Amino acid sequence: MDDASFEQVCAAVRRFVRERVLPREEEIEETDAIPDDLRAAAAELGLFGYALPEAYGGAGVTVAQDVRLAFEFGYTAPGFRSMFGTNNGIAGQVIARFGSPEQQQAFLPRLASGELIASFALTEPEAGSSPAGLKTSARRDGTDWVLTGSKRFITNAPLAGLFVVFARTGSTADSAAGSGESSSRPGHGISVFAVDADSPGLTVGPRDHKMGQRGAWTAEVHFDDVRVPEGRLVGTEGRGYRSAMTVLARGRLHIAGMCVGSAQRVLDESVRHAAVSRQGGRPIGDYQLVQAMLAESYAELAAGRSLALAAAERYDEGADVAAGPAAAKLYCSEMVARVADRGVQIHGGLGYLRSTVVERMYRDCRLYRLYEGTSEIQKLIIARELLAAQPAR
Ligand SMILES: Cc1cc2nc3c(=O)[nH]c(=O)nc-3n(C[C@H](O)[C@H](O)[C@H](O)COP(=O)(O)OP(=O)(O)OC[C@H]3O[C@@H](n4cnc5c(N)ncnc54)[C@H](O)[C@@H]3O)c2cc1C
């Protein structure tokens, strides 16, 4: 999207978030749901497809623009973003980047309009940080594939009409043999399928009870001999793991942007509180130890914002598609945790009460260090990239 159009879109999103979503945060928290009118308005604004290709009804933003939008989404209850996050992000991008023209035509316009919600189904009980070990299988039966296994923590599963499912179609050695690549590379033999939610044998478990991010729903998804036609294999057989890693790297930049937005909100709330809340006859903001907390949060937030944008620009240029996104997610998710913790501290006892924004954000932000790769996994990715750039050891 050209710069001038994007600035208009970004300003409209900012207005929408601040004028329409912020006043509904308590309602989202209480009901654990995004109100229908907000969902309809978000669809009207094009939020279900801003990162999907323009040819299919999306807005085709760059990754740097995506991060700027995430700054805005992060400013409010993250459940709002989650409603359209998988369509634009990890699930929609698999179809947009690796799907056939037929698959793109079948799914992307409906994803972009919000008519269809897609979930990304990779994680399993013993395959979270190490998804290459996933056990869900897909075996050939005539011209169909038959999927068996279970996934957990799948965002939007209770709402999804489409599941982007990662399943084992061959052993590591089998698939590597045909690919001409080393069989020691992780994830060989994993393929990805676009599976309709109403397929016989597919069941979604009850909604998980989470620490935070109310209004964003996750659940287990079970595949009991789910029959999928050949045309639903996305990309090349045995190469689904690579697709997953590609979209997850992009997603990390978006999450980094969310963290920046949330940190900004906590800082704004904290400054406001420090300016008016009084102790010892003066605003607590007069006390230098409180000032220090505000200053540290401001400096770390500024660093996170710059890092997320710079890493996104390098991703767009193709200069760094692995270490940079991992570093941005690592730093920004740890940064927002520190900012949220200081936000609670600055609010004193009020910061521990359910009625304050900082208390809610403190819980909401905890997830960013866990999903789309834990902080530990981001460190492993960064170190792997650094060492791979060295001459053979
Ligand atoms: C709210 C929520 C939404 C989610 N949405 C989705 C979704 O839409 N789709 C999806 O597929 N998944 C989703 N996930 C799953 C998420 O990506 C995983 O929870 C995450 O990757 C961690 O995996 P795990 O929970 O199995 O933890 P584990 O992998 O068991 O990790 C436990 C601990 O061990 C550490 N650890 C594990 N392996 C290593 C290692 N090799 N080296 C160092 N430390 C290690 C971890 O860093 C962590 O501290 C979601 C999770 C949550 C909580």
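Note that residues are indexed from 1 along each chain, following the sequence as it is written. It should be noted that, the model being predicted, local features are given only for residues of pLDDT at least 70 and side-chain atom pairs only at 80 or more, the latter also being counted only at that level, while totals for whole chains, interfaces and linings use all residues.

> I keep staring at the site of the ligand and nothing clicks. Help me out?
As a rule, any residue with its backbone-derived C-beta atom within 6 Å of a molecule or strand is reported as near that molecule or strand. Lining the immediate surroundings of the ligand are 22 residues, of which Gly-128, Ser-129, Thr-155, Thr-374 and Glu-376 lie closest. The helix and strand labels rest on DSSP assignments: H or I over at least four residues marks a helix, E over at least two residues marks a strand, and numbering proceeds from the N terminus. At the level of secondary structure, the elements contributing two or more residues to the shell around the ligand comprise strand E1 (118-121), strand E3 (144-155) and helix H13 (375-388). Under the scheme applied here, ten amino acids are nonpolar (Ala, Val, Leu, Ile, Met, Phe, Trp, Tyr, Cys and Pro), four are charged (Asp, Glu, Lys and Arg), and all others, including Gly, are polar. Counted by class, the shell around the ligand contains ten nonpolar, nine polar and three charged residues.

> How do you make sense of the nonpolar core when you look at a structure like this?
Phe-193 and Ala-308 are the most contacted members of the largest nonpolar core, which has 110 residues in total. Remark: residues whose backbone-derived C-beta atoms lie within 7 Å of one another are considered to be in contact. Dropping the residues within four chain positions of it, Ala-308 is found in contact with Val-67, Leu-253, Ala-256, Gly-257, Val-260, Ala-328 and Cys-332. A set of buried Ala, Val, Leu, Ile, Met, Phe, Trp, Tyr and Cys residues, joined to one another through C-beta atoms within 7 Å, is what we call a nonpolar core. Neighbour counting defines burial: a residue surrounded by 20 or more other C-beta atoms within 10 Å of its own C-beta is buried, one with 12 or fewer is exposed, and intermediate counts give partly exposed, using backbone-placed C-beta atoms.

> Where do I start with helix H4 (residues 63-73) in this structure?
Three- or four-residue spacings in an α-helix give side chains the same orientation, since the helix completes a turn every 3.6 residues. In terms of residue burial, H4 counts as a mostly covered element, since eleven of its eleven residues are buried. When we look at burial in H4, the residues that qualify are Val-63, Ala-64, Gln-65, Asp-66, Val-67, Arg-68, Leu-69, Ala-70, Phe-71, Glu-72 and Phe-73. In this fold, the buried residues of H4 make contact with helix H1 (3-21), helix H5 (78-88), helix H9 (240-276) and helix H10 (288-317).

> I'm lost on the pairing of strand E4 (residues 162-168) in this one. Help?
For E4, a buried count of seven out of seven residues is recorded, marking the element as mostly surrounded by other parts of the structure. Burial along E4 is two-sided: Leu-162, Val-164, Phe-166 and Arg-168 and Phe-163, Val-165 and Ala-167, pointing in opposite directions, are all buried. What makes two strands pair is DSSP finding at least two bridges between them. Relative to E4, E1 runs parallel, the two being bridged by four bridges. Paired with Ala-121 across the strands is Val-165, a residue of E4. With seven bridges connecting them, E4 and strand E5 (residues 190-196) associate as antiparallel partners. If you follow Phe-163 over to E5, its bridge partner there is Val-195.

> I keep staring at the packing of helix H6 (residues 90-98) against H9 and nothing clicks. Help me out?
Packed helices, taken two at a time, are described by the angle their axes make and the gap between the axes. Axes, fitted as lines to C-alpha atoms, cover a helix only where it is in contact. Angles between the N-to-C directions of the axes lie from 0 to 180 degrees. At their nearest, the axes of H6 and H9 sit 9 Å apart, and the two run at 125° to each other. One element, H6, and the other, H9, form an angle in the oblique class. When you trace H6 past H9, the crossing you get is right-handed. Contact with H6, carried on its side by Ile-90, Gln-93, Val-94, Arg-97 and Phe-98, involves Ser-243, Thr-246, Val-247, Leu-248, Arg-250 and Gly-251 of H9 and no other residues of that element. Residues of the contact of H6 with H9, tallied by class, amount to five nonpolar, four polar and two charged. Small angles under 35 degrees read as roughly parallel and large ones over 145 as roughly antiparallel, with 65 to 115 read as roughly perpendicular and the rest as oblique. A crossing counts as left-handed when the near helix is turned anticlockwise from the far one by less than a right angle, and as right-handed when that turn is clockwise.

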